[in-house]
Amino acid sequence: MGGGISFQHFVAACLKQPLNAAVLCLAVINGLVTDRASKRLSSKELPLPPPKVLGSSVTHFTQLCEGSVGNKHVSFVKDRSLYEEGLKAEYYINKIQDLFYDEVYTTYIEDRRLLDIISQLIGDEITAINSMIINKPPGTIEHSSHQDLMYFPIRPANKIIGVWTAIDPATIDNGCLYVIPGSHKAELLYNHVDVESKNKLLFHGIQREEYIAPKEKWVYIEMEPGDTLIFNPYLVHGSGANNTQYFRKALTCHYVNSMCHYVDVTGTCQEEIKSIVEAEIKRLGGELSFIDLWRVKSKKVRGVKSNL
Ligand SMILES: O=C(O)CCC(=O)C(=O)O
């Protein structure tokens, strides 16, 4: 396992300048954006998201889990092994997805300052996809290394960007994110296998990720509440187990330039994911294709028109 360093120090070292702001950008580290953009991103004027949203995110999560606040749009993902322990919902719900019409979480997803940053990276026409609050309750196992693009039938990839904001302190002990720096540069999707099917549906991980870079090169990113990681969808990343007795929550969303298009992933390394998703939709009584599912899981958040 690679040694952990504080996120602030990691980014500051990479940018070779002091960095005090909560907005931090891995894309900058990997040279994806210009110097001008990196200066803008490290500006103190852009703290993200407002602390009020972070605080209400936690309360709202609990209320959604307990059913004391209803929301017919969101969907819940359980950690199956924690569920089997008969715990309260907050202790086994791993994710709440599809937050686009949730009054609390949209204030994060559509935060003007966040969209200003995203527009520097992918352009002014922005569609949000795949919004989630990720809960990592005590006892959660690791989330294997993967590339987010594996799940998206959308291209071009360089117009897709992921955003992950810590709600709680994220530490090595409670399962912070780790990344393999530079792993996005080859613009390759690595072979993923179903590694955690006992715990969660659709958790595929990269086979033999140590061939991409030895574990000493992996970087564990400890983050404070409000710290935000922005990353390329080819970037290999994952997160560790939560070995503490506290929750580790984060808000995350992907943003896509609205002029992107859907691609048929049949015959590619994404086909297995497509088949699993379509089979699960069928099992639940639905008829959506993989692409239609992403149409449902997207929302235009800036600009006038979206292809998605
Ligand atoms: O928050 C985590 O533990 C991992 C999240 C992640 O990598 C993802 O959802 O793609």
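Please read all numbers here as calculations on a predicted model, not as lab measurements.

Caption draft 1: The overall build of the protein chain, seen in detail. Looking only at helices and strands, one finds 9 helices and 16 strands in the protein chain. Pairs at least 24 residues apart make up 81% of the contacts formed inside the protein chain by residues separated by at least 6 positions.

Caption draft 2: A look at the site of the ligand. Taken together, Ile 134, Lys 136, His 143, Asp 148, Gly 175, His 237, Ser 239 and Ala 250 form the complete shell of residues around the ligand. For the shell around the ligand, the secondary-structure elements that each account for two or more residues are β4 (126-136) and β13 (237-239). The residue inventory of the shell around the ligand, partitioned by class, reads 2 nonpolar, 4 polar and 2 charged.

Caption draft 3: Focus on the pairing of strand β3 (residues 93-97). Where strand β2 (residues 75-78) meets β3, 4 bridges bridge the pair, whose relative direction is antiparallel. Within β3, the residue paired with Phe 76 across the bridge is Ile 96. Across 3 bridges, the pairing between β3 and β4 is antiparallel. The residue bridging Ile 96 from the neighbouring strand is Ile 133, located in β4.

Caption draft 4: Geometry of unusual backbone geometry. Note that the residue after Arg 155, namely Pro 156, is joined by a cis bond; omega there is 0°. Turning to its location among the elements, Pro 156 is positioned in the loop between β6 (154-155) and β7 (160-166). Of note, Asn 130 is a non-glycine position whose phi angle comes to about 60°, a positive value. Tracing the backbone through its elements, the reader meets Asn 130 in strand β4. Classification of Asn 130 as buried rests on a count of 20 C-beta atoms within 10 Å.

Caption draft 5: Inspection of the environment of Ile 161 at higher detail. Looking at the element boundaries, Ile 161 is found in strand β7. The exposure class assigned to Ile 161 is buried, which follows from the 24 C-beta atoms found within 10 Å. On a C-alpha basis, the gap between Ile 161 and Ile 122 in space is 7.5 Å, while along the polypeptide they are 39 residues apart.

Caption draft 6: Looking closely at the nonpolar core. Ranked by internal contacts, the top residues of the largest apolar core, which has 60 residues, are Ile 109, Ile 118, Ala 128, Ile 161, Leu 177, Ile 221 and Tyr 255. Beyond its immediate sequence surroundings of up to four residues, Ile 118 is in contact with Ile 126, Ile 161 and Tyr 255.

Caption draft 7: Helix α7 (residues 112-122), seen in detail. Among all positions of α7, only Leu 114, Ile 117, Ile 118, Leu 121 and Ile 122 are buried. Projected down its long axis, α7 carries its buried residues within an arc of 120°, all on one side. Two residues or fewer past α7, Gly 123 is found with a positive phi of approximately 105°.

Reading guide: rules and limits
- Residues numbered from 1 in each chain as written.
- Predicted model: local features only at pLDDT ≥ 70, side-chain atom pairs only at ≥ 80, totals over all residues.
- Helix = DSSP H or I, 4+ residues; strand = E, 2+ residues; numbered from the N terminus.
- Contact = placed C-beta atoms within 7 Å.
- Near = placed C-beta within 6 Å.
- Nonpolar A, V, L, I, M, F, W, Y, C, P; charged D, E, K, R; others polar.
- Pairing = 2+ DSSP bridges.
- Buried ≥ 20, exposed ≤ 12 C-beta atoms within 10 Å, placed from the backbone.
- Core = buried A, V, L, I, M, F, W, Y, C linked by C-beta atoms within 7 Å.
- Arc of directions from axis to C-beta.

Purely spatial values, then, with no claim about function.
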